[in-house]
Amino acid sequence: MILCAEVTQGAARADGNVDAEGANLRRRGVRARHARRVFSPTLPQRAPPQMRGKGATRPSYSARRFRSGRLHRRGVRARHACRVFSPTLPRWETNNLEHSMHPETASIHAGQEIDPTTGAVIPPIYLTTTFERASDGSFPRGYIYTRNGNPNRAMLETCLAALEGGATCVAFSSGLAAAMSVFQALRPGDHVIAPDDAYHGITRLLREIMAPWGLEYSRVDMRDPQNVAAALRPNTRLVWIETPSNPLLKIADIAAIAEIARQAGALCAVDNTWATPVQQRPLELGADIVMHATTKYIGGHSDVLGGAVVFGANDAFAERVRFLQINGGAVPSPFDCWLALRGIQTLPYRVRAHAANAIQVARFLAEHPRIERVHYPGLETHPGHAVAARQMRGFGGMLSIEVEGGEAEAMAVAAKVKIITRATSLGGVESLIEHRASVEGPESTTPPNLLRISVGLEHPDDLIADLAQALT
């Protein structure tokens, strides 16, 4: 309380100084707005040492930790210390308080700071491409150009890192851009082990872009970790896991595979798009990297495209991916970041509701005579149920079904739904159904009678009724 009083009194004195100085400058022909810009106590008066000099674009993490720690010892919580006292600088790394938050709290507060100028509770959208330099040519606020960094992107990256329990996060304009940057951070001649069942965009990326570039890769059935061990080569640098997989919902044991990768000197990355950090935390299971298509559950409203990579350590590989983000230019717009951050605020509750609906739909379909097979790890009959129950905090909102007959019968079912929408993508509030093989093309390994369903937030009884009439 003493510190708060000191801050309040100091701010009042500073405001008085600003007004007086503004009056002096007006008499000298300088507009008061510029006087407040230069002398306002809410802005840094001098760039910290790590922000001065040519090429410096980010603050020292240890310096921020020291500053917030000092204030914490004086009775001010570290997070609020950053809000009130820190310069407006990009925040790529999370603090201890954000790591200790429950996901319901982190999704609302991590990285989302009160606007220092207006006091706005919801962060503004910084629709600017460039930022003012100081008179000495430095960048005291930490931002240069929106491709390099933007406050909305910094907020999103901080929040996602906190949700995954990571050290740093790099946001991209799409999930594929995020994945491609991880692969590009490797070197030609390196080897990647990938799952045999995965999002077809990843498979095409490896086959048609990264392989001609010089990256070697193998695809294995990751339901058995020994398949990963058998595929290791001396040049293996990355093991890429997707669990639950798309579209067959295969379950891979993250902890076991991460240990195999570690012993081989390789990194372990997990596409956590379907599970989300609410229901699966790969870094806690030993993975090094987590990737998200934020287009899906993170955004949650089918209105924004994006991707992100979260790292367990802010090491050289993470810096390489950030270099590719900035210099490759596949960055999300400020508005895209704002939309994704808006979606995150309800993520824990949406994901649990998706999962609660999905298990009811899956159980109905598992008993239907026209369904040959239901792929959903929440069913006790699913071959990966035990592993999923051990490493997940819920089984997600995605499932796939194989319709009796073949492709024509599956397409007919999709054609008859009335509430569920025939569309690609997933993770929005609306339920979607899609015939995957026709989307993936002639090289698809997906069964031709398979339909993938993204179970939305409608009432489960209505979804079951819709599927029941479509299956008649």
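The structure we're discussing is the one just above.
A brief look at the structure comes next. Per chain, the residues get numbers from 1 upward, laid out in the order the sequence is written. Whole-chain, interface and lining totals are the exception, using all residues; otherwise, since this is a predicted model, local features are given only for residues with pLDDT of at least 70 and side-chain atom pairs are given and counted only at 80 or more. The basis for every side-chain value is the complete set of heavy atoms in the structure, and neither hydrogens nor water enter the calculation.

**Some thoughts on the sheet that holds strand β5 (residues 267-271)**
As a reminder of what qualifies: Pairing between two strands requires that DSSP report at least two bridges joining them. Helix numbers and strand numbers start at the N terminus; a helix is a DSSP run of H or I with at least 4 residues, a strand a run of E with at least 2. Axes, fitted as lines to C-alpha atoms, cover a helix only where it is in contact. Angles between the N-to-C directions of the axes lie from 0 to 180 degrees. In this analysis, two residues are considered to be in contact whenever any of their non-hydrogen atoms come within 4.5 Å of each other.
The strand order β1-β7-β6-β5-β4-β2-β3 describes an open sheet built from seven strands, whose pairing is mixed. Each edge of the open sheet is held by one strand with a lone partner, namely β1 (168-172) and β3 (216-220). Sheet twist, expressed as the average angle between the axes of neighbouring strands with direction ignored, equals 20 degrees. Alignment of strand β4 (residues 236-242) against β5, held across five bridges, turns out to be parallel. Considered in β5, the bridge of Ile241 is made with Val270. Contacting β2 (191-195), β3 and β4, helix α9 (residues 200-213) crosses the sheet at an angle of about 155 degrees to β3. Running over the sheet, helix α13 (residues 316-328) touches β1, β5, β6 (289-292) and β7 (307-311) and is turned about 25 degrees from β1.

**Concerning the pattern of salt bridges**
The criterion, for reference: Within this document, salt bridges are pairs made up of a side-chain nitrogen of Lys or Arg and a carboxyl oxygen of Asp or Glu, the two lying within 4 Å of each other. A simple rule labels every residue: compare its accessible area, found with a 1.4 Å probe on the protein chains alone, to the largest value its type can have, and call it buried under 20%, exposed over 50%, or partly exposed in between.
Taken as a whole and judged by the stated rule, the model has 21 salt bridges. For Asp303, the salt bridge identified is with Arg342, shortest N-O distance 3.1 Å. A residue pair is termed long-range when its members are at least 10 positions apart, and Asp303 in the loop between β6 and β7 and Arg342 in helix α14 (residues 334-344) qualify at 39 residues. With a shortest N-O distance of 3.5 Å, Arg436 and Glu440 are connected by a salt bridge. Separated by four residues within a single helix, Arg436 and Glu440 lie in helix α18 (residues 436-440), roughly one turn from each other. For the pair shown, Arg436 and Glu440 are each scored as buried. The network of salt bridges with common partners includes Asp196, Asp221, Arg223 and Lys250.

**Concerning unusual backbone geometry**
With omega at -5 degrees, the peptide bond leading from Thr243 into Pro244 counts as cis. For Pro244, the location among the structural elements is in the loop between β4 and α11 (254-263). Of note, the bond from Asn246 into Pro247 is cis; its omega dihedral lies within 30 degrees of zero at 10 degrees. The phi dihedral of Leu249 falls on the positive side, at around 50 degrees, and the residue is not glycine. When you line up the elements, Leu249 lands in the loop between β4 and α11. You will see that Thr276, though not glycine, has its phi angle at about 65 degrees, which is positive.

**Remarks on the pairing of β5**
For β5, a buried count of four out of five residues is recorded, marking the element as mostly surrounded by other parts of the structure. As defined by bridge partners, β5 adjoins β6 across three bridges and the pair is classed as parallel. Residue pairing in the sheet places Val270 in a bridge with Val290 of β6.

**Observations regarding the packing of aromatic side chains**
What counts is decided by this rule: Classification of ring pairs uses Phe, Tyr and Trp, with its six-membered ring standing for Trp, and accepts pairs whose centres are within 6.5 Å; under 30 degrees between planes counts as stacked, over 60 as edge-to-face, and the remaining range as tilted.
What the rule picks out here adds up to four aromatic pairs. Between Phe183 and Trp240, the ring centres sit 5.0 Å apart and the planes meet at 45 degrees, which makes this aromatic pair tilted. In this pair, Phe183 sits in helix α8 (residues 175-184) while Trp240 sits in strand β4, placing the two residues 57 residues apart along the sequence. With a relative accessible area of 0%, Phe183 lands in the buried category. On the numbers, 6.2 Å between centres and 20 degrees between planes, the contact of Phe335 with Trp338 is stacked. Here Phe335 pairs with Trp338, and both are found in helix α14, just three residues apart, close to one helical turn.

**Notes on the sheet that holds strand β11 (residues 432-435)**
Reading across the sheet, the five strands line up as β8-β9-β12-β11-β10 and stay open at both edges, with mixed pairing between neighbours. A strand with exactly one partner marks an edge of an open sheet, and here the two such strands are β8 (371-375) and β10 (421-422). Running at roughly 15 degrees to strand β9 (residues 398-403), helix α15 (residues 347-366) makes contact with β8, β9 and β12 (450-454) of the sheet. In this fold helix α17 (residues 407-416) packs onto β9, β10, β11 and β12, with an angle of close to 155 degrees to the strand it touches most, β11.

**As for the side chain of Asn272**
In this fold, Asn272 is placed in the loop between β5 and α12 (276-279). Accessibility expressed as a relative area gives 0% for Asn272, which makes it buried. When neighbours within four sequence positions are excluded, Asn272 is seen to be in contact with Glu164, Pro277, Gln280, Pro282, Val290, Met291 and His292.

**Comments concerning the state of the cysteines**
What makes a disulfide is a covalent bond joining the sulfur atoms belonging to two cysteines. As a reminder, the rule being used: Sulfur atoms of two cysteines make up a disulfide when they are within 2.5 Å.
Inspection of the entire model under this criterion finds zero disulfides. Counting only cysteine sulfurs, Cys159 is the nearest neighbor of Cys169, a cysteine outside any disulfide, at a range of 9.3 Å. Here Cys337 is not cross-linked by a disulfide; its sulfur's nearest cysteine counterpart is in Cys169, at 9.7 Å.

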